[in-house]
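# Breakdown of the fold
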Amino acid sequence: MSDPASEIAPAGSLQGRDLVSAADLAPAEIRRVFATAAALKAEFVTHRRHERPPLVRRTLAMLFERPSLRTRVTFEAGMVQLGGSAIQLTSGNVGWGVRETVTDVARNLQGFVDAIVVRTGPHEIAVEFAARASIPVINALTLHEHPCQALADVFTIREALGSIAGRVIAFVGDGNNVFHSLALVAAGQGAEVRLAHPPGYEPDAGVLATAMALATAGGGSVSVGHDPREAVTGADVVYTDAWTSMGQEDEAETRRAAFQGYQVNGRLLDAAGPQARVMHCLPAHRGEEITSDVMDGPQSLVFQQSENRLHVQKGLLVELLAIPGDPAIVVDGSGRIGTA
């Protein structure tokens, strides 16, 4: 597979679509988002601005129940850089599900803004927003999935290693929301996805079945086990996440005991081999799921994947918010964004 910066986006439009699950976009549609993201990134890294911002006068509502650094800043800064604006709303000042129903909030917002980003706990809230709003709804994290993170992760792997098809991605830790979305995106792009998790912390069976079906169609594979050394042996990427996610604070001590032996450290990285790169979606609990020498070491892609949240989400926003009649976004062979 070619470098994403030189890949021309496939034909078709994602205008008006939702992204609630990573499976909502077909593998070819994900590659389209990557191509647009790569072109936007190339222009922004060179000039720190976009000559012809493609989302002028567009407005994004960001509904956040959960704390956020990367997600809030990358969506808000991304909209500004694309010529639009973003409004952050918390459950405390909107009260969806308490002061007003989710349906009522969605129906109000669809008359005010062009798209909605939802960061919440129950996945059902994001699903309901998407069902009730006539404008695009983007899942910016639920306890079930984190699709924007997975898009940035797979984009980063392509960028760093030149391809995703045939690459081995070993996820060490919880079969959680991050793993769910990563498995769906990476397997559909032809990667071999392995999970090593403690007993009792397996991924959702339905998500796993979907990921395996995508893998079969895309030439990838998905496997699940308990041995972290076995999972990382020969891996191109070793990925980990916090042992205790937001909303699981009451389980912290139980999880800390269960996940002993699943730390990504120098010894585990040696088992993977010198070619392996390290990823973490952040925030990291240094000294628990990952050691600082690994996270800050030469094999780490952690902060590259963090930066790519900005560029990939910008690519996604452009694809979802393109309006018929507007100048078309064109990705040329040099990775530049232009207008038709």
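What counts and what doesn't
Residues numbered from 1 in each chain as written. Predicted model: local features only at pLDDT ≥ 70, side-chain atom pairs only at ≥ 80, totals over all residues. Heavy atoms only, no water. Core = buried A, V, L, I, M, F, W, Y, C linked by side-chain atoms within 4.5 Å. Buried < 20%, exposed > 50% of the residue type's maximum accessible area, 1.4 Å probe, protein only. Contact = heavy atoms within 4.5 Å. Phe/Tyr/Trp six-rings, centres within 6.5 Å; stacked < 30°, edge-to-face > 60°. Helix = DSSP H or I, 4+ residues; strand = E, 2+ residues; numbered from the N terminus. Lys NZ or Arg CZ within 6 Å of the ring centre and 35° of its normal. Arc of directions from axis to C-beta. Pairing = 2+ DSSP bridges. Axes fitted to C-alpha atoms, helices over the stretch in contact; angles between N-to-C directions. Salt bridge = Lys/Arg side-chain N within 4 Å of Asp/Glu carboxyl O.

Moving on to the nonpolar core. Within the largest apolar cluster, 60 residues are counted, with the highest numbers of intra-cluster contacts made by Leu60, Phe75, Val117, Ile138, Ile169, Leu316 and Leu317. Excluding residues within four positions of it along the chain, Leu316 makes contact with Leu19, Leu25, Val33, Ile138 and Cys148. Counting residues in each nonpolar core, the second largest holds 24 residues, with Ala231, Ala272, Met295 and Val302 among its members.

This part takes up the packing of aromatic side chains. Using the criterion set out here, one finds 7 aromatic pairs in the structure. Where Phe171 meets Tyr239, the ring centres are 5.1 Å apart and the plane angle is 20°; that geometry is what we call stacked. Here Phe171, found in strand E5 (residues 168-172), pairs with Tyr239, found in strand E8 (residues 237-240); they are 68 residues apart in sequence, far enough to count as distant. One exposure class covers both Phe171 and Tyr239, and it is buried. Here a set of aromatic residues connected by ring pairs shows up, and it is made of Tyr201, Trp243, Phe259 and Tyr262. Taking the ring centre of Phe44 as reference, the NZ or CZ of Lys314 above it sits at 4.1 Å.

All of the buried residues in helix H5 (residues 123-132) are His123, Ile125, Ala126, Phe129 and Ala130. Buried residues in H5, looked at end-on, bunch into an arc of 165°, giving them a common side. Within H5, the exposed residues directed more than 90 degrees away from the buried face are Glu124 and Ala131. Turning to H5, the residues buried within the fold contact strand E1 (59-64), helix H4 (102-109), strand E3 (115-119) and strand E4 (137-139).

Let us now look at the sheet that holds E3. Read across the open sheet, the 4 strands follow the order E2-E1-E3-E4; overall the sheet is parallel. Looking along the sheet, the strands with just one partner apiece sit at the ends: strand E2 (85-90) and E4. Adjacent strand axes in the sheet meet at a mean angle of 20° when their direction is disregarded. Both E1 and E3 contribute to a ladder of 5 bridges, which runs parallel. Its bridge partner lying in E3, Leu63 is registered against Val118.

Take the pattern of salt bridges next. Here the structure, examined in full by the defined rule, presents 13 salt bridges. Glu192 is the partner of Arg194 in a salt bridge, and the nearest nitrogen-oxygen pair spans 2.8 Å. Its relative accessible area of 16% is what places Arg194 among the buried residues. Residue Glu251 is joined to Arg255 by a salt bridge in which the shortest nitrogen-to-oxygen separation is 2.9 Å. For Glu251, a relative accessible area of 35% puts it in the partly exposed group. Overall, Arg255 belongs to the buried group, its relative accessible area being 5%.

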